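What follows is the residue order along each chain.
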Amino acid sequence: MKEHFIRELLRLQSMIAEQGCRVEQAITRALEAFRTGDTALAESVIAADSEIDAAEIRIEEECLKTLALYQPVASDLRTVAAILKINTALERMADFGSHIAERAEEVSRFPDDAVPERPDFAAMSELVLSMLRDALTVLRTSDTVLAYRVMERDDAVDNMRHNNKLLAIRAITRFPAAAEYYIACMGLSRDLERIADFASDICEHIIYLHTGKIIRHSV
């Protein structure tokens, strides 16, 4: 029975790792679409979200089946519980990736001469992507030291979002004709901030898995 459970656990871990790769690709492509105005790329990200949704349901069903069949306890139970929570976090991250792709389509309607000042999201995008990639590394390697380092970056993302919001509000007052563009930019900042939050959540779940410590609200 234990051998069967271990095989199921390894399969669940493989499924969640594959889902992480899908989500990382979706968010990376969405940000590229926003940066370049590539509406075809944006549409492909939005269309692919249904695949991520379907995978999220499959993983949840397999987790629940494993719980019912093997009734794990202690660290084994924590492992399945962590996979369930990480599965939800990844799906929500993908949703924000779709939001970014939708915003890419919105801003593509504004030619360069229609927006006198365009915010630079390069630093914020790279920081959030680094948090996502490192969180997925934590998921694969159980590196709790790296997990804490990911969470430490969250405040910097929050500050960037706040600064971008202020810049966008000032730009709207100066260039009201481009208000829709700057509102989309504020939305992008919010989406990035939420992706960073979920990257931190994944790291919290891994720390809980390997230490039994619930550190939510304490870091």
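Scope of this entry: the structure provided in the associated data block. (Residues numbered from 1 in each chain as written. Predicted model: local features only at pLDDT ≥ 70, side-chain atom pairs only at ≥ 80, totals over all residues. Heavy atoms only, no water.)

1. Topic: helix H6 (residues 154-174)
Here is the rule we go by: Helix numbering and strand numbering both begin at the N terminus, where a helix is a DSSP run of H or I of at least 4 residues and a strand a DSSP run of E of at least 2. Any helix carries an expected span of 1.5 Å times its number of residues minus one. Summary of the burial criterion: residues with accessible area below 20% of their type's maximum are buried, those above 50% are exposed, and those between are partly exposed, where the area comes from a 1.4 Å probe applied to protein chains only. As used here, the arc belongs to the directions running from the helix axis to the C-beta atoms. Contact criterion: two residues are considered in contact whenever any of their non-hydrogen atoms come within 4.5 Å of each other.
In this model H6 runs 31 Å from its N-terminal to its C-terminal C-alpha over 21 residues, within 8% of the 30 Å that 1.5 Å per residue would give. Of all the residues in H6, the buried ones are Asp154, Val157, Asn164, Ala168 and Ala171. Around the axis of H6, the buried residues are gathered within 100 degrees of arc, so they sit on the same side. Exposed residues pointing more than 90 degrees away from the buried face of H6 are listed as Asp155, Thr173 and Arg174. Structurally, H6 contributes buried residues whose contacts are with helix H4 (122-141), helix H5 (144-152) and helix H7 (179-211).

2. Points about empty space enclosed by the protein
Where empty space is left can be seen by rolling a probe of water-molecule size over the atoms. Counted only if it meets this: Lining residues are defined by having an atom within 4 Å of a point belonging to a cavity or pocket. Those points lie on a 1 Å grid over the protein atoms alone, cavities being sets where a 1.4 Å probe fits but cannot get out and pockets being open sets with protein on both sides within 12 Å along at least five of seven lines. Grid points are joined across faces, edges and corners, and a volume is the space filled by probe spheres set on the points. Just so you know the grouping, Ala, Val, Leu, Ile, Met, Phe, Trp, Tyr, Cys and Pro go in nonpolar, Asp, Glu, Lys and Arg go in charged, and all remaining residues, Gly too, go in polar.
Counted by the stated rule, this structure contains one cavity of 30 Å³ or more. Of the voids in this model, the largest cavity is the one considered here, and its volume is about 40 Å³. Grouping the constituent residues of the lining of the largest cavity by class yields four nonpolar, one polar and one charged.

3. Side note on unusual backbone geometry
Phi is mostly negative for residues that are not glycine, and the peptide bonds are mostly trans. Unusually for a residue other than glycine, Gln71 sits at a positive phi of about 45 degrees. Tracing the backbone shows Gln71 in the loop between helix H2 (39-70) and helix H3 (74-107). A residue is classified by how much of its surface remains accessible, and Gln71, at 62% relative accessible area, is exposed. Backbone geometry at Ala74 places phi at a positive 55 degrees, although glycine is not the residue there.

4. What to know about the pattern of salt bridges
Going by this rule: Definition used for salt bridges: Asp or Glu carboxyl oxygen within 4 Å of a side-chain nitrogen of Lys or Arg.
Taken as a whole, this structure holds 15 salt bridges when the rule is applied. The residue Glu62 makes a salt bridge to Lys65 at a minimum N-O spacing of 3.2 Å. Of this pair, Glu62 and Lys65 both sit in helix H2, three residues apart, which is roughly one turn of the helix. Taking the relative accessible area as the measure of exposure, Glu62 reaches 14% and is therefore buried. Each of Glu8, Arg11, Glu62 and Lys65 takes part in salt bridges that share partners, so that together they form one network.

5. Quick notes on the nonpolar core
Inclusion rule: Only buried residues count toward a nonpolar core, which is a set of Ala, Val, Leu, Ile, Met, Phe, Trp, Tyr and Cys residues joined through side-chain atoms within 4.5 Å.
Core analysis: the biggest nonpolar cluster contains 70 residues, and Ile27, Phe34, Leu90, Met93, Ile100, Tyr181 and Tyr182 have the highest contact counts within it. Contact partners of Phe34, with chain neighbours within four places excluded, come to Ile100, Arg103, Ala104, Val107, Phe121, Cys185 and Leu188.

6. Observations concerning the packing of H2 against H3
In plain terms, the rule: Lines are fitted to the C-alpha atoms to define the axes, a helix being fitted only along its stretch in contact, and any angle between axes, read from their N-to-C directions, falls within 0 to 180 degrees. Every angle not falling under 35 degrees, over 145, or within 65 to 115 is termed oblique; those three ranges are roughly parallel, roughly antiparallel and roughly perpendicular. It is the rotation of the near helix from the far one that decides the hand of a crossing: anticlockwise by less than a right angle makes it left-handed, clockwise makes it right-handed.
Running from amino to carboxyl end, H2 crosses H3 at an angle of 165 degrees, the nearest separation of the two axes being 9 Å. Of the possible angle classes, the one that applies to H2 and H3 is roughly antiparallel. Of the two elements, H2 crosses H3, and the hand of that crossing is left-handed. Its residues placed into classes, the contact of H2 with H3 shows 14 nonpolar, six polar and nine charged.

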